[in-house]
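Listed below, chain by chain, are the residues.
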Amino acid sequence: MIKSLSILGSTGSIGTQGISACLDLGIRVAALAAGRDIKKLEAQARQLSPELVSVYDEAAGKALKIALADTNTKVIYGPGSLTEAAVTESADCVLAAVSGSVGLEPSLAAISEKKRIALANKETLVCAGEIVMESARKNGAEIIPVDSEHSAIFQSLGCRLGSPEIEQILLTASGGPFRGMSFEETYKKTPAEALKHPSWSMGAKITIDSATMMNKGLEFIEAMHLFGVSPEQIEVLIHPGSVVHSAVRLCDGSVIAQMASPDMELPIRLALTYPDRKPFPAVTPLDLFSLPDLHFERPDSEATPCLGLAMDSAKKGGTAPCCMSAANEEAVHSFLRGEIPFGGIYETVAEVTEKHSFIKNPTLEELKETDKSAREDTLALIKKNR
Ligand code: MG
């Protein structure tokens, strides 16, 4: 079990549940980092007395520095401050829970410092999976998945990140709020409708990604890197009950799954206490007698074309997933601002990825460049179509 944690994205859904886990498990919080919600950040800092607080937004950071002047907490701000929080010396683990590709650099920096990464930021592996996994191997840094599906796969493998015995990874998806509807039926859905997730309570970006199924596409790519499997070895299953959080099929035909009440604090706690497990008093025990029948369906690729887009980029590799994910991030934010319809997310990402100038074995610099140009192309396209 770890002793001290740096939380990147502390005011978000995973971040606040991470704090709750630390309080219950007696783990010290060494550093907090967030974007701009300084009211919440100030309350967290006063409660936890971390050494360091980082604020991405400069103006907000300056205001927080004044607000916390009577405490011993050091406040830093600006885009680079996120990486500084990630490498806080006294922290032996980083909970990487910021949303978007902004999470990549801090994770890489912490890996270089041999810290454990409790990984909730999908884009880290989607954008630069090869580079990140290679760096973790070289530095002997542990990457423990926090995403519920990847944690379930990890647990089904006996808390290992890979095994020659894996025949197939069975990646489950709830199907989101629009399950059963066609692409046309969902085309004009509003942000409010798309933000109503049937089983999980999460941040806005990931909830929209769940509605388009892009979230499952990103998880597909993440799983390839984490568990060292090929795209052909991953099957996506729609499982509306969200009871089985994912499973593995092993070479002898056994299928091993992990089941629990849908509570994100469970995978967060495991990533912090690994290789041990600790009691989780607040969890709702899974009552097998009251479960609905376990039901699985194949995804409808026509209704949720974002999943296919992500799977294609996974097969292509190189800069393709990075470009697709960056375009998706910008398209989702445009949708949330009311600039494009729900169906426009897919259309925009498809058009940007189609025009992308592909590099097969990119360097980190080339990936950063891809991320930047994909965002610019996405915003330009959305502006042109308005
Ligand atoms: Mg997930």
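Look a little higher up for the structure.
Now for a description of the structure that goes with this document. (Residues numbered from 1 in each chain as written. Predicted model: local features only at pLDDT ≥ 70, side-chain atom pairs only at ≥ 80, totals over all residues. Heavy atoms only, no water.)

1. What about the overall build of the protein chain?
Moving on, step 1. When helices and strands are counted, the protein chain shows 16 helices and eleven strands.
Moving on, step 2. The C-alpha atoms of the protein chain give a radius of gyration of 20 Å, which matches the 21 Å a tight globule of 386 residues would have.
Moving on, step 3. Structurally, the protein chain occupies a C-alpha span of about 55 × 55 × 40 Å along its principal axes.
Moving on, step 4. By residue count, 56% of the 386 residues in the protein chain fall in the buried class.
Moving on, step 5. Put simply, of all contacts in the protein chain between residues at least 6 apart along the chain, 68% involve residues at least 24 apart.
Moving on, step 6. For the protein chain, the exposed surface amounts to about 16,600 Å²; the carbon and sulfur share of it is 52%.
Moving on, step 7. One way to put it: in the protein chain the 38 positive side-chain charges average out to a point 4 Å from where the 50 negative ones average out. (Helix = DSSP H or I, 4+ residues; strand = E, 2+ residues; numbered from the N terminus. Rg over C-alpha atoms; globule rule 2.2 N^0.38 Å. Buried < 20%, exposed > 50% of the residue type's maximum accessible area, 1.4 Å probe, protein only. Contact = heavy atoms within 4.5 Å. Areas by Shrake-Rupley, 256 points an atom, 1.4 Å probe, with all protein chains shown as cover. Lys, Arg positive; Asp, Glu negative; His and termini not counted. Charge placed at Lys NZ, Arg CZ, Asp CG, Glu CD.)

2. Digging into the packing of aromatic side chains
What describes a pair of aromatic rings is the distance from one ring centre to the other and the angle between the planes of the rings.
Moving on, step 1. Applying the stated criterion across every chain yields a total of five aromatic pairs.
Moving on, step 2. Their ring planes at 70 degrees and their centres at 5.6 Å tell us that Phe 335 and Phe 342 sit as a pair that is edge-to-face. Take Phe 335 and Phe 342: they sit in the same class, and that class is buried.
Moving on, step 3. Taken together, Phe 178, Phe 335 and Phe 342 form an aromatic cluster joined through their ring pairs.
Moving on, step 4. Between Lys 316 and the ring centre of Phe 358, over which it is positioned, the NZ or CZ distance is 4.7 Å. (Phe/Tyr/Trp six-rings, centres within 6.5 Å; stacked < 30°, edge-to-face > 60°. Lys NZ or Arg CZ within 6 Å of the ring centre and 35° of its normal.)

3. Here we look at the coordination of the magnesium ion
Put simply, the ideal angle at a metal is 109.5 degrees for four donors in tetrahedral geometry and 90 or 180 degrees for six donors in octahedral geometry.
Moving on, step 1. Looking at the magnesium ion, the protein donor atoms are Asp 147 (OD), Glu 149 (OE) and Glu 219 (OE), and they sit 2.0 to 2.2 Å from it.
Moving on, step 2. The sequence pattern describing where the donors of the magnesium ion fall on their chain is D-x1-E-x69-E. Linking Glu 149 in helix H7 (residues 148-156) with Glu 219 in helix H11 (residues 214-227), this pair joins segments that are 70 residues apart in sequence.
Moving on, step 3. By relative accessible area, Glu 149 is classed as buried at 8%. (Donors = N, O, S within 2.8 Å, 3.2 Å for Na, K, Ca; no water.)

4. Regarding the state of the cysteines
Moving on, step 1. One pass over the full model with this rule turns up zero disulfides.
Moving on, step 2. No disulfide involves Cys 93; its sulfur sits 8.5 Å from that of Cys 22, the nearest cysteine.
Moving on, step 3. According to the relative accessible area criterion, Cys 93 is buried, its value standing at 0%.
Moving on, step 4. Take Cys 127: it sits in no disulfide, and the sulfur closest to it among the cysteines is that of Cys 322, at 4.3 Å.
Moving on, step 5. Judged by relative accessible area, Cys 127 falls into the buried class, the value being 5%. (Disulfide = S-S within 2.5 Å.)

5. Points about a nonpolar patch on the surface
Moving on, step 1. A cluster of nonpolar side chains, contributed by Met 259, Leu 286, Leu 288, Leu 294 and Phe 296, occupies part of the molecular surface with about 430 Å² of accessible area.
Moving on, step 2. Inspection of the secondary structure puts Phe 296 in the loop between helix H12 (265-273) and helix H13 (305-316). (Patch = residues over 30% accessible without salt bridge, like charges linked within 9 Å, V, L, I, M, F, W, Y side chains within 5 Å. Salt bridge = Lys/Arg side-chain N within 4 Å of Asp/Glu carboxyl O.)

6. A short note on the nonpolar core
Moving on, step 1. Core analysis: the largest hydrophobic core is formed by 110 residues, its most contacted members being Leu 5, Leu 95, Ile 143, Val 146, Phe 227, Leu 272 and Ile 345.
Moving on, step 2. Contact partners of Leu 5, with chain neighbours within four places excluded, come to Cys 22, Ile 27, Arg 28, Val 29, Ala 30, Ala 31, Ala 91, Cys 93, Val 94, Leu 95 and Leu 272. (Core = buried A, V, L, I, M, F, W, Y, C linked by side-chain atoms within 4.5 Å.)

7. Some details on helix H10 (residues 204-212)
Moving on, step 1. The buried fraction of H10 is high, at seven of nine residues.
Moving on, step 2. All of the buried residues along H10 are Lys 205, Thr 207, Ile 208, Asp 209, Ser 210, Ala 211 and Thr 212.
Moving on, step 3. Structurally, H10 contributes buried residues whose contacts are with helix H6 (123-139), helix H9 (191-194), H11, H13, helix H14 (320-336) and helix H15 (342-354).
Moving on, step 4. Met 213 sits one or two residues past H10 and shows a positive phi near 75 degrees.

8. Remarks on the packing of H7 against H11
Moving on, step 1. Interaxial distance between H7 and H11 falls to 10 Å at its minimum, and their mutual angle equals 30 degrees. Seen along the crossing, H7 lies across H11 with a hand that is right-handed. Residues Glu 149, His 150, Ile 153 and Phe 154 of H7 form the contact with H11, whose own contacting residues are Lys 216, Glu 219, Glu 222, Ala 223, Leu 226 and Phe 227.
Moving on, step 2. Residues of the contact of H7 with H11, tallied by class, amount to five nonpolar, one polar and four charged. (Axes fitted to C-alpha atoms, helices over the stretch in contact; angles between N-to-C directions. Left-handed = near helix turned anticlockwise from the far one by under 90°. Nonpolar A, V, L, I, M, F, W, Y, C, P; charged D, E, K, R; others polar.)

9. Regarding the pattern of salt bridges
Moving on, step 1. Taken as a whole and judged by the stated rule, the model has 26 salt bridges.
Moving on, step 2. In this structure, Asp 371 engages Arg 375 in a salt bridge whose closest nitrogen and oxygen atoms are separated by 2.8 Å. Of the two residues, Asp 371 and Arg 375 both sit in helix H16 (residues 364-385), four residues apart, roughly one turn of that helix.
Moving on, step 3. Asp 371 gets classed as buried once you look at its relative accessible area, which sits at 14%.
Moving on, step 4. What makes Arg 375 buried here is its relative accessible area of 15%.
Moving on, step 5. Via salt bridges that share partners, Lys 122, Asp 147, Glu 149, Lys 216 and Glu 219 belong to a single interconnected network.

10. What about H12?
Moving on, step 1. Among the nine residues of H12, nine are classified as buried, and the element is accordingly described as predominantly covered.
Moving on, step 2. If you check which residues of H12 are buried, you get Glu 265, Leu 266, Pro 267, Ile 268, Arg 269, Leu 270, Ala 271, Leu 272 and Thr 273.

11. Considerations on the sheet that holds strand E11 (residues 255-259)
Moving on, step 1. The mixed open sheet is built from four strands, whose spatial order is E9-E8-E10-E11. For this open sheet the edge positions go to strand E9 (234-238) and E11, each flanked by a neighbour on one side alone. Across the sheet, the axes of successive neighbouring strands diverge by a mean angle of 20 degrees, strand direction being ignored.
Moving on, step 2. Relative to E9, strand E8 (residues 166-173) runs parallel, the two sharing five bridges. By the bridge assignment, Leu 170 is partnered in E9 with Glu 235. (Pairing = 2+ DSSP bridges.)

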